[in-house]
Amino acid sequence: MKDTLQKFLVDNAPVRGELVEISDTWRHVQERRAYPPAVRTLLGEMLAAAALLSANLKFNGMIVMQIHGDGPVKLLVVECDSELQLRATAKLAEDTLIADDATLTDLVNASGNGRFVITLDPKDKLPGQQAYQGVVPLDGESVATVIENYMLRSEQLDTKLWLAADANVSRGLLLQKLPTIGGTAAPTAKPEGELETWNHMVMLGDTLKREELLSTDIATLMHRLFWEQDVRVFDPVHPQFHCSCSREKVGNMLKMLGQEEVADALSQTDKLAIDCDFCGQHYEFDAVDCAQLFVAEVGGASEAGEVRH
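Residues numbered from 1 in each chain as written. Predicted model: local features only at pLDDT ≥ 70, side-chain atom pairs only at ≥ 80, totals over all residues. Heavy atoms only, no water.

1. Regarding the packing of helix 2 (residues 37-54) against helix 4 (residues 143-155)
We apply this condition: Lines fitted to C-alpha atoms define the axes, with helix axes restricted to the stretch in contact, and inter-axis angles between N-to-C directions lie between 0 and 180 degrees. In this text, helices come from DSSP runs of H or I with a minimum length of four residues, and strands from runs of E with a minimum of two, each type numbered from the N-terminal end. Crossings are assigned a handedness: left-handed for a near helix turned anticlockwise from the far helix by less than a right angle, right-handed for a clockwise turn. In this analysis, two residues are considered to be in contact whenever any of their non-hydrogen atoms come within 4.5 Å of each other. Under the grouping applied here, Gly and all other residues not named as nonpolar or charged are polar, the nonpolar ones being Ala, Val, Leu, Ile, Met, Phe, Trp, Tyr, Cys and Pro and the charged ones Asp, Glu, Lys and Arg.
Contact pair helix 2 / helix 4: the axes reach a minimum separation of 10 Å and the direction vectors enclose 35°. Helix 2 and helix 4 meet at a crossing whose hand is right-handed. Residues Leu42, Glu45, Met46, Ala49 and Leu53 of helix 2 touch helix 4, and the partners they reach there are Val143, Ile147 and Met151. Here the contact of helix 2 with helix 4 is composed, by residue class, of seven nonpolar, no polar and one charged.

Written out as structure tokens, the structure reads:
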């Protein structure tokens, strides 16, 4: 069965929602390396959250979600584009032992210096246009809470998330209270009723336990949670794994290091070996390849990878 994201709207109330189930894509992410269970859970929850948030964005581009850590986990990163193409990776401190029950705070915010970053990077930038980036301290004991607090403070959107992941699947539920047009209620709107509906939907979401979320398909969850609501369901869409790495991007990464540093690395070996952190694709650059990189300046995006020499 394909990975699936299902959008829905509550009729006569400004509430929208989504359910996502990701298994094939999650398997591709984990093929790169075996993560400790606690790290796997966090990365899987971020994977589901990125798909849920990206599906609501009305722009052609990439959402990049990062947690920078000051504990045994140095970085968690998930990317999702407007076609719901996903990739993800995590970087751990060397020679670290991670308990299976380690919390988000234990892993990435041990000294209170962890931070959460969301970047919105348009695909077709206008001249001078830059990617939008929001950076905030980690505020919450879970991935869901961190994102909820970010959305409320940075986007002024009431958002609730329920996320879960294990070795086989990453799943999530998003509910969002839509803003009224122009920031004020329409003449026929009934704010008290809308707030009551929102609170009731959140209460229903709060009945969802982790094991139920992990083991129950989208259609069954929709029925169990919202069978009493007047819900409009849209055609499902299908997230999938995709890595955008390329030899050109890796070359651009080497150019960013600078000719002197690349030459120094080559003095110790006959070629540079780079593996993509996201998909494991292997690239090699010998002295001739590296010399050609610096013949002419060609712009391009950097690519996460491991350089070996």
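We are not done yet, so read on.
2. Section: the sheet that holds strand 11 (residues 240-241)
To be explicit about the condition: When DSSP finds two or more bridges between a pair of strands, those strands are recorded as paired.
Ordered in space as 7-6-3-4-5-11, the six strands form an open sheet in which the pairing is mixed. With partners counted over all chains shown, the strands left at the sheet margins are strand 7 (132-137) and strand 11, one partner each. Sheet topology note: the strand 5 (residues 85-92)/strand 11 ladder contains two bridges and is parallel. Residue pairing in the sheet places glutamine 85 in a bridge with glutamine 240 of strand 11. Lying on the sheet, helix 4 is in contact with strand 3 (61-68), strand 6 (115-122) and strand 7; it crosses strand 7 at an angle near 120°.

3. So, the pairing of strand 8 (residues 158-165)
Cut-off, in case you're wondering: Per-residue accessibility, obtained with a 1.4 Å probe over protein chains only, is compared with the maximum for each type, and a residue is labelled buried under 20%, exposed over 50%, and partly exposed between these values.
Burial analysis of strand 8 places six of its eight residues in the buried class, the great majority of the element. Counted along the chain from strand 8 to the antiparallel partner strand 9 (residues 170-177), the turn is four residues long.

4. A short note on the sheet that holds strand 8
Sheet architecture is open: five strands sit in the order 8-9-2-1-10, paired in antiparallel fashion. Two strands close off the open sheet at either side, each with one partner strand: strand 8 and strand 10 (231-233). Each adjacent strand pair in this sheet contributes to an overall mean axis angle of 15°, direction not counted. In the sheet, strand 8 pairs with strand 9 via eight bridges, with the strands oriented antiparallel. In the strand pairing of strand 9, tryptophan 162 is matched with leucine 173. The strands touched by helix 7 (residues 218-226) are strand 1 (4-10), strand 2 (15-22), strand 9 and strand 10; relative to strand 2, the strand with the most contacts, the crossing angle is about 145°.

5. Observations regarding the state of the cysteines
Going by this rule: Any two cysteine sulfur atoms lying within 2.5 Å of each other are counted as a disulfide.
As enumerated under the stated definition, the model contains zero disulfides in all. The structure places no disulfide on cysteine 80, whose sulfur is separated from the nearest cysteine sulfur, that of cysteine 243, by 14 Å. Assessed through its relative accessible area of 0%, cysteine 80 is described here as buried. Looking at the unpaired cysteine 243, the closest cysteine sulfur is the one in cysteine 276, lying at 3.6 Å.

6. What to know about the packing of helix 1 (residues 24-31) against helix 2
What counts is decided by this rule: Our angle categories are set so that under 35 degrees counts as roughly parallel, over 145 as roughly antiparallel, 65 to 115 as roughly perpendicular, and the remainder as oblique.
Contact pair helix 1 / helix 2: the axes reach a minimum separation of 11 Å and the direction vectors enclose 135°. Judged on the interaxial angle alone, helix 2 and helix 1 are oblique. Note on packing geometry: the crossing formed by helix 1 with helix 2 is right-handed. Here helix 1 contributes Thr25, Trp26, Val29 and Gln30 to the contact with helix 2, which in turn contributes Arg40, Leu43, Gly44 and Leu47.

7. Topic: the environment of threonine 41
Within the element layout of this structure, threonine 41 appears in helix 2. Not counting chain neighbours up to four residues away, the residues in contact with threonine 41 comprise Ala165 and Arg210.

8. Focus on the environment of leucine 254
Structurally, leucine 254 is set in helix 8 (residues 247-257). Note on leucine 254: relative accessible area 1%, which makes it buried. For the pair leucine 254 and phenylalanine 285, spaced 31 residues apart in sequence, the C-alpha separation works out to 9.6 Å. Leaving out residues up to four positions away in the same chain, leucine 254 has contacts with Val262, Leu272, Ile274, Phe285, Leu293 and Phe294.

9. Side note on the nonpolar core
Here is the rule: Only buried Ala, Val, Leu, Ile, Met, Phe, Trp, Tyr and Cys residues count toward a nonpolar core, and they belong to the same one when joined by side-chain atoms within 4.5 Å.
Of all hydrophobic cores here, the largest spans 48 residues; its most connected members are Leu43, Met65, Leu76, Leu107, Phe116 and Ile147. For this core, the element with the highest residue contribution is helix 2, accounting for twelve residues. When sequence neighbours within four positions are dropped, the list of residues in contact with leucine 107 reads Ala38, Val39, Leu42, Gly71, Pro72, Val73, Ile98 and Ala102. Counting residues in hydrophobic clusters, the runner-up holds 22 residues, among them Val10, Trp198, Met201 and Leu204.

10. Notes on the confidence of the model for the protein
Quick note on the threshold: The predictor's confidence in any single residue is recorded as pLDDT, a number from 0 to 100.
On average, residues of the protein score 88 in pLDDT, and 91% of them reach the 70 mark or higher. Long-range and interchain partners of residues 183-189, a stretch whose pLDDT sits below 50, account for three contacts in this model, where long-range means more than four residues apart. Confidence drops under a pLDDT of 50 for residues 298-302, and excluding neighbours within four residues, the segment shows eight contacts in the predicted structure.

11. Section: helix 8
Considered for burial, the residues of helix 8 that qualify are Val250, Gly251, Asn252, Met253, Leu254 and Lys255. Count one or two residues on from helix 8 and you reach glycine 258, which has phi positive near 105°.

12. Quick notes on the packing of aromatic side chains
For clarity, the threshold we go by: Any two of the Phe, Tyr and Trp rings considered here, Trp counted by its six-membered ring, make a pair once their centres fall within 6.5 Å; the pair's planes then place it as stacked at under 30 degrees, edge-to-face at over 60, or tilted in between.
Applying the stated criterion across every chain yields a total of two aromatic pairs. Consider the rings of phenylalanine 8 and phenylalanine 226, whose centres lie 5.3 Å apart with planes at 40°: the pair is tilted. In this pair, phenylalanine 8 sits in strand 1 while phenylalanine 226 sits in helix 7, placing the two residues 218 residues apart along the sequence. For the pair phenylalanine 8 and phenylalanine 226, a shared accessibility class is recorded, and that class is buried. Ring centres of phenylalanine 116 and tyrosine 150 lie 5.6 Å apart, and the angle between their planes is 80°; this geometry places the pair in the edge-to-face category.

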